[in-house]
Each structure stands twice: as structure tokens, then as C-alpha cells.
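# Remarks on the overall topology
Given next are the chains, with one letter for each unit.
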Protein chains: 2
Amino acid sequence: MSPIDLNNIPIIDLDSFTHETIFKQGDKYWFFEKSEDAFPGQAFGLEINQILYHTKSQFQDILIFKSLSFGNVLVLNGIIQCTEKDEFAYQELITHLPVMSHPNPTKALVIGGGDCGVIRELIKHVELGTIESITMVEIDDMVIQLSTKFLPEMAKYHNHPKVNLIIDDGFKFLKSTQEKFDIIITDSSDPEGPAEEFFQINYFKLLLNALQKDGIVIMQSSENIWLNLSYLKNLLKKAKTIFKNVKYSQCYMPSYTSGSLGLIIATNDELKDVTKPLRKLKPSLEANLFKYYNSNIHQSSFVLPTWAQNELKN
Amino acid sequence: MSPIDLNNIPIIDLDSFTHETIFKQGDKYWFFEKSEDAFPGQAFGLEINQILYHTKSQFQDILIFKSLSFGNVLVLNGIIQCTEKDEFAYQELITHLPVMSHPNPTKALVIGGGDCGVIRELIKHVELGTIESITMVEIDDMVIQLSTKFLPEMAKYHNHPKVNLIIDDGFKFLKSTQEKFDIIITDSSDPEGPAEEFFQINYFKLLLNALQKDGIVIMQSSENIWLNLSYLKNLLKKAKTIFKNVKYSQCYMPSYTSGSLGLIIATNDELKDVTKPLRKLKPSLEANLFKYYNSNIHQSSFVLPTWAQNELKN
């Protein structure tokens, strides 16, 4: 993959730009996130100030725009990956849930995560002296390059000395690696396009194989309790055939479908209670490091409304 | 107000119907909730199957449609009030938070609540032998009439013998009433249109005046932490000048802006901790009565991300 010339990005004229997610209403242009398969009949819209970049990479359609009220927005295959306004909620929860539930996490692996937001959060634990090495395996180098330009608050640590960045298929990496990790974070896109395999039982087996005995894995489910609850139930069932201890947590933020995104957190340690932080930081330090995560948020992220809890339990 | 002939509602042809919230995209019609004042640059969209009713009442624009995936939807002045898919989340939380925090709630007042969902939830406590009388003051009788037709699972108890339904301005009612209530629920629409006064300090004074000494009031804030945090902070500040004990809770559901709606719960009893249920039902009974509310949801609804918690505390 040759590098993009980030200093010479052509200006895109919004009036002549066309994309299946973009619609003109009155004199304004709106991006609408829709999916007839994943969430038929509902849409989330953001008003566009400027198109920053559009390309079809080897793997996916990449659209980046400046929105009126959510900052810069990264869209892969028509689905919002992150917005500058609220990205910290997801990045913090998916990272600190497993790290703060582990007694001594030193080696972390990130599968996906091309916007580099998870790495930014993991580096906080490097600086605290806990995590010693981070491996990140992202299939699409273009996402990383573009994030350094358009999401500079997220993509700033992929060249950090403790980060080993590998541009490759996460599936392939897991098949061949001999390493064992304390924490594995699957920060994939949704299961259309390159991320499809990440939601299958074979993937869960590979994760378990690359995990230390007391290791913890977390993955975004691409679901929430308001969407396809039976798909989610099935995904949890699959995970439970591989891991002895599987829990479901939700992150609440406006730019994900229905205002929330489910996370599946799993370990083979039956006795571990991942719903409560095992390690605690001093409250003042915690408030300094994190904007979203705190120990109460950790616990409440696992609390579900009765109907969803009953459905997922069965 | 003469009754609407609910048995002879004319069929509306979607192709020739126009409304500022409705747009055609491809061969489909979508409703988009937008507000340049309240939440500029973001929109929530629902695909429309059928327009069920549209009118401008004496007070507001009323639009009811059948959506593809959220059931029937009630829209007032362009803002979603409820959808059949997820209404239970809001109705349950705004009702059971105060009722389950009160040692002995017998008299309840609802201001607004024309869809009658809050009454449905209060009737559960009538049947449990706790609440003895419910007064509901709704300004727009048309909303009630139309809800009986198009939201039949919500609007079914306004003629219940324990319900005293008053068609009037809630503000006017509170000014003249001599009654004192244990629970007051303000289920208003957003502060544009007839509900504007419900977000002012004079309204809070009237609420306090109509409240028993140990009474609890709850009101929807029309805000959430992701929207206008400084407006929300200001609203809480106003409430704190009148009530000694003010807390902020969030309900998470897809059809409200940003996927959440804030509730302000207040009492003049300094020692009362409304963040934990004071009364508990047997878990099996609780699970039978409620789909959303449970005692863990009660507590976690008050848990906020660090940045929002700090902002609202100051």
C-alpha cells in the first residue's frame, strides 16, 4: 500500500459529490446511516459541512466528512465508525472494561481499530506502568493513514515504541501467532465487508487460543438490545460454546445505531467477575485520565432492562 | 373540544401528503426529526408505512404514522413523543423511579401525558394497593382521543375509576389547586409549543406547592448529556433553588434524540436517597409487571460518564 499524500488532498465540491448515503434537503446536505439488513426502517443523520475524503480502498468504501455538530466523522461501507464528538465513550469502555478487570495485564492485542482510538486508551495503561506491549493488527492501512490526518486526537500513538503495528488480516494473524495475550480487543467494523468473519465461532476459537489462561477478550457485537435481540442472543450463545464466562455490556452514545452498542466480554476464568473493576485508580487520577469510564460506569454498563436481560439469559 | 369521529378517519395518500418532516428517498418515505435550535445537525429517521392522522390542534401539530419497524409513532410539533416499539422504557422509568422511591405514595398527579402511558404504569401501583388516586391534567384532548385509536396499548386507563382526567393547562391547574400530592410526574412535550413554561422556575415553585412534604416530583428535561449540557446544568440549577434534593437520571431508548432522555427528580426531603429504590417488589412480581424497570436499572439510571457528572455537579 503506497502512502496517501496527506498534504495534497484535493478539495471536494459538495454540490457535485454523490454518495449513496448523502441527500440534499432544502439547501443542506445530510449523511444518513441506513441498513436494510441490520436496522431496517431507522436512520441516523448528520448534517455535512464538508466532504474531507472519499475512496474505495482494497477492502471497503471510506468516507470522511466534517459534520455541523459532531466534528469529523469516519464512515466505512456507509456505517459510522466514529465521530470526534463522542468517540471517547466507545474507545474508553471497550478498552478499560477488560484492562481494569484483569489483575495484571501486560500484553494487549487489538484486532482492527484502524482509527487508533483503542491504542490511545491502552497507552494510558502503558504510562501507568501496567501494559508493556501492544500489538495491533489492522487490515486496511488507508484507514490508519487517513485517521492521522482527519482524526488527529485519535490516531497519534500507532508509532509509539510500545506499539507493534501489523497491517494484515486479523484472522490470518491469529491463525499463525504463537503469542499469548492478557487482553484482546476486537474493534472491528460491522459484519458486512471485511469484518464478517469476526462474528463466527471459528474466530472465537482463535481468540481463545491466543489468550493467556486468565486473559480477557472483548469485542464489539455490532448490535444492541433494541435491534436484533435474537441475533445478539445467538452471538452470545456461540461465544458461550467457546468461553466459560461470557458477559454483555452496553455503551451509550449518540452516533451508534439506537444510541448504543453492545460489547461481548469473555474469559475462560469461570471465577472472574468482569462486571466489577478488579483494580481501582484513585478517583482524582481516574477523572484525569478518562472522560467516560469510571468504576460506576463499568458496573452499570452490564445492567439491562428486564425484558432484554431475560431474553439474553435464556 | 368536540370528539373526533375515530371510526371514520379518512385514508391519507402518502404520495400526495406533504409535511415539513417527511422526505422521499428513492421510492420510500421517511420521517426525519430535526431541530435547528434544540439539536442542530443531527436527525433521527423512521421509514413510513402509512400516515394515520395529521392535524393542527388548538395547541400543536399532531402527526401519527405507522412506521416500518417502530410500530405507530406519535409526533408533536415535529418531535417524536413515543413509538410503540420502545415507549415502555420511558413510561416505566419516569413512573416507577418516584413511586418506588416513596415510602407510601397514595396520591399521584400527572401533568401532560396525553398518550396515557404514564397512567398505564401508575395503574399497576393502584392494582398493587399502593396508589389510591391519579389526577391527570392534559391541555390537548385531541392527543388523548387519537392515542386511544392509534396507541391502544398506551391509552386504555384514562376512564379508570381511580383516574380523574382534567382537560386544562397544567400551569393553571397547579395555580388553583388546594390538593397535595405524593408523586407529581411532568410528562410534557419539549419546551417549544405549549410546554415552554414547564421548564421555568415559576413552574418548579408551583410543583413544590402542590407536593406533600415528603413528596417526589419527576419531570422530563427534554435534554440529555450529549446535547446541551450547559442548558441542562442551568435547568438543574433552577430546580435546586426550589428543591433541597435534586437528582438527574437518564432513560436509554432509540427513538429519543441521541438515544437517551434526561429526567429531573426532586424532593424537599434532604435525607431521601431517590437513587435507590426504597420499596422492593418480589423479583418474580417485578419481572411480571415491568419490561424495562428493575431495581438495578433504577440505580444505574443515575450513573453518568465522568465528564457529564463533573459538569452537572459544579
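Per chain, the residues get numbers from 1 upward, laid out in the order the sequence is written. As a convention, the first chain written is A and the first ligand written is 1, with the rest following in written order. In keeping with the model being predicted, local features are shown solely for residues with a pLDDT of at least 70 and side-chain atom pairs are shown and tallied solely at 80 or more, while totals for entire chains, interfaces and linings include all residues. Side-chain metrics in this entry use all non-hydrogen atoms of the structure; hydrogen atoms and water are not considered.

## Quick word on the overall build of chain A
Selection rule: Per the convention used, a helix needs a DSSP run of H or I reaching at least four residues, while a strand needs a run of E reaching at least two, with both numbered from the N terminus. Burial status follows relative accessibility: with a 1.4 Å probe on protein chains alone, a residue under 20% of its type maximum counts as buried, one over 50% as exposed, and anything between as partly exposed. With residues, only the protein chains shown are counted as cover, and all accessible areas are computed by Shrake-Rupley using a 1.4 Å probe. Charge convention: Lys and Arg are scored as positive, Asp and Glu as negative, and His as well as the terminal groups of each chain are ignored. By convention, charge coordinates are those of NZ in Lys, CZ in Arg, CG in Asp, or CD in Glu.
Each helix and strand counted, chain A has nine helices and 13 strands in total. Each of the three principal axes of chain A carries a C-alpha extent, and together these read 60 × 45 × 40 Å. Looking at chain A residue by residue over its 314 residues, the buried ones come to 63%. Total accessible area on chain A stands at roughly 12,200 Å², and carbon and sulfur atoms take up 47% of it. Here chain A holds 30 positive side-chain charges and 38 negative ones, and the gap between their average locations is 8 Å.

## Some thoughts on the relation of the copies chain B and chain A
Filter applied, for reference: Here the copies are superposed with least squares, the fitted atoms being C-alpha atoms of residues at a pLDDT of at least 70 in both. Contacts were defined at the residue level, with two residues in contact if any of their heavy atoms lie within 4.5 Å.
Each copy superposes on the other: chain B lies on chain A with an RMSD of 0.0 Å after a rotation of 180° and an axial shift of 0.0 Å. Taken together, these values place the two copies in the relation of a two-fold axis. Relative to the rotation axis, the closest C-alpha in chain B is found at G259 of chain B, a distance of 2.1 Å. Same-surface contact between copies: 100% of interface residues of chain B are shared with the interface of chain A.

## Here's the deal with the packing of helix α5 (residues 201–209) of chain A against helix α6 (residues 229–242) of chain A
Residue and element names in this part refer to chain A. Going by this rule: The convention used is that axes are lines fitted to C-alpha atoms, helices contributing only their stretch in contact, and that angles between N-to-C directions extend from 0 to 180 degrees. Put simply, angles under 35 degrees are roughly parallel, angles over 145 are roughly antiparallel, angles from 65 to 115 are roughly perpendicular, and the rest are oblique. The hand of a helix crossing depends on one turn: near helix anticlockwise from the far one by less than a right angle means left-handed, and clockwise means right-handed.
Where α5 meets α6, the axes come as close as 9 Å, and the angle between the chain directions of the two elements is 40°. By the criterion of interaxial angle, the relationship of α5 to α6 is oblique. Pair α5 / α6 crosses with right-handed handedness. On α6, the residues touching I201, F204, K205 and L208 of α5 are L235, K238, A239, T241 and I242.

## Brief notes about the packing of aromatic side chains
Operational definition: Two aromatic rings, drawn from Phe, Tyr or Trp (for Trp, its six-membered ring), form a pair once their centres lie within 6.5 Å of each other, and the interplanar angle then sorts them: stacked below 30 degrees, edge-to-face above 60, tilted otherwise. Here, a charge over a ring is recorded when the distance from Lys NZ or Arg CZ to the ring centre is within 6 Å and its angle to the ring normal is within 35 degrees.
With the rule as written, the count across this model stands at 24 aromatic pairs over all chains. For the pair F171 of chain B and Y203 of chain B, a centre-to-centre distance of 5.9 Å together with 20° between the ring planes defines the contact as stacked. Of this pair, F171 of chain B sits in helix α4 (residues 170–176) while Y203 of chain B is found in helix α5 (residues 201–209), placing the two residues 32 residues apart along the sequence. Comparing F171 of chain B with Y203 of chain B, the two get one shared label, buried. Over the aromatic face of F88 of chain A sits the side chain of K291 of chain A, whose NZ or CZ is 4.2 Å from the ring centroid.

## A few points about helix α1 (residues 87–101) of chain A
Spelled out, the test is: To estimate the expected span of a helix, count its residues, drop one, and scale the result by 1.5 Å.
Taking 1.5 Å of rise per residue, 15 residues should cover 21 Å, and α1 of chain A covers 22 Å from first to last C-alpha, within 8% of that figure. Here α1 of chain A lies mainly inside the structure; 15 of its 15 residues are buried.

## Structural notes on the pairing of strand β1 (residues 22–25) of chain B
All names here are of chain B. This is how it is decided: Only when DSSP finds a minimum of two bridges between them are two strands counted as paired.
Summarising the sheet, β1 and strand β2 (residues 28–35) pair through four bridges and their orientation is antiparallel. Its bridge partner lying in β2, F23 is registered against W30. Connecting the antiparallel pair β1 and β2 is a turn made up of two residues, with G26 showing a positive phi of about 65°.

## Focus on the interface of chain B and chain A
Put simply, the test is: Accessible area that two parts lose when put together, with a 1.4 Å probe and added across both, is what the buried area reports. Salt bridges are defined as contacts in which a side-chain nitrogen from Lys or Arg sits within 4 Å of a carboxyl oxygen from Asp or Glu. Counting of polar contacts relies on pairs of N or O atoms within 3.5 Å, with two restrictions inside protein: one atom must be capable of donating a hydrogen and the other of accepting it, and residues adjacent in sequence are counted only when both atoms are side-chain atoms. Side-chain classes follow a simple rule in which Ala, Val, Leu, Ile, Met, Phe, Trp, Tyr, Cys and Pro form the nonpolar group, Asp, Glu, Lys and Arg form the charged group, and the remainder, Gly included, forms the polar group.
Taken together, the contacts link 44 residues of chain B with 44 residues of chain A. Here chain B packs against chain A, burying approximately 3,500 Å² in sum over the two surfaces, 61% of which is carbon and sulfur. The interface formed by chain B and chain A holds two salt bridges in total. Two residues, K28 of chain A and E36 of chain B, come together in a salt bridge whose shortest N-O distance is 2.7 Å. Across the chain B-chain A interface, the total number found is 24 residue pairs in polar contact (both at pLDDT 80 or more). Listing elements by their share of the side of chain B that touches chain A, those giving two or more residues are β1, β2, β3 (39–56), α1 (87–101), α8 (295–300) and α9 (306–313) of chain B. When residues of the side of chain B that touches chain A are assigned to their parent elements, the largest contribution, eight residues, is made by β3 of chain B. Along the lines of polarity and charge, the residues of the side of chain B that touches chain A split into 24 nonpolar, 13 polar and seven charged. In the sheet, strand β3 (residues 39–56) of chain A pairs with β3 of chain B via five bridges, with the strands oriented antiparallel. If you follow Q42 of chain A over to β3 of chain B, its bridge partner there is L46 of chain B.

## Some words on the side chain of R120 of chain B
On the secondary structure map, R120 of chain B appears in helix α2 (residues 117–127). Polar contacts involving the side chain of R120 of chain B include one to the main-chain carbonyl oxygen of E153 of chain B, which spans 3.0 Å.

## Considerations on unusual backbone geometry
If you check the backbone angles, S222 of chain A has positive phi at about 60° while not being a glycine. Within the element layout of this structure, S222 of chain A appears in the loop between β11 (211–220) and α6. Positive phi, close to 70°, is recorded for C116 of chain B, a residue that is not glycine. Summarising the element assignment, C116 of chain B is placed in the loop between β7 (107–112) and α2.

## Quick word on the domain arrangement of chain A
Residues and elements named next belong to chain A. Convention followed: Each domain's extent is set by a domain assignment, obtained either automatically or from a database.
Domain parsing of chain A yields domain 1 (22–83) and domain 2 (87–313). Contact with domain 1, which involves 25 residues of that partner, is made by 23 residues of domain 2. Together domain 1 and domain 2 conceal approximately 2,100 Å² of surface at their shared face, both sides included; 63% is due to carbon and sulfur atoms. Three residues stand out in domain 1 for area buried against domain 2, namely F59, Q81 and C82, and they jointly supply 23% of the buried area on that side. Linking domain 1 with domain 2 are zero salt bridges, by the criterion used here. At the junction of domain 1 and domain 2, the tally comes to seven residue pairs in polar contact (both at pLDDT 80 or more). For the side of domain 1 that touches domain 2, the secondary structure elements donating two or more residues are β2 (28–35), β3, β4 (61–67), β5 (72–76) and β6 (79–83).

## Here we look at the environment of G113 of chain A
Residue and element names in this part refer to chain A. Take G113: it is sitting in the loop between β7 (107–112) and α2 (117–127). Taking the C-alpha atoms as reference points, G113 and H125, separated by twelve residues in sequence, lie 17 Å from one another. Excluding residues that lie within four positions of it along the chain, G113 makes contacts with M136, E138 and D187.

## Considering the sheet that holds strand β8 (residues 133–138) of chain A
Residue and element names in this part refer to chain A. Judged by pairing direction, the sheet is mixed, and its seven strands sit side by side in the order β9-β8-β7-β10-β11-β13-β12 without closing on themselves. Strands with a single pairing partner mark the edges of an open sheet, and in this sheet they are β9 (163–167) and β12 (245–252). Averaged over all pairs of adjacent strands, the angle between their axes in this sheet comes to 15°, without regard to strand direction. Relative to strand β13 (residues 260–267), β11 is paired through five bridges, and the arrangement is antiparallel.

## Details of the side chain of E121 of chain A
Residue and element names in this part refer to chain A. Within the secondary structure, E121 sits in helix α2. Under the relative-accessibility criterion, E121 is labelled buried at 1%. Look past the residues within four positions of E121 in its chain and what remains in contact with it is Q91, E92, T95, H96 and F290.

## Some details on the pairing of β6 of chain A
Residues and elements named next belong to chain A. Within β6, five of the five residues are buried, which leaves it mostly tucked inside the rest of the structure. Bridge count for β5 against β6 is four bridges, and the pairing is antiparallel. From the neighbouring strand, L76 faces β6, where its bridge partner is I79. Turn length for the β5-β6 hairpin, with the two strands adjacent in sequence and antiparallel, is two residues, and the turn residue N77 shows positive phi of about 50°.

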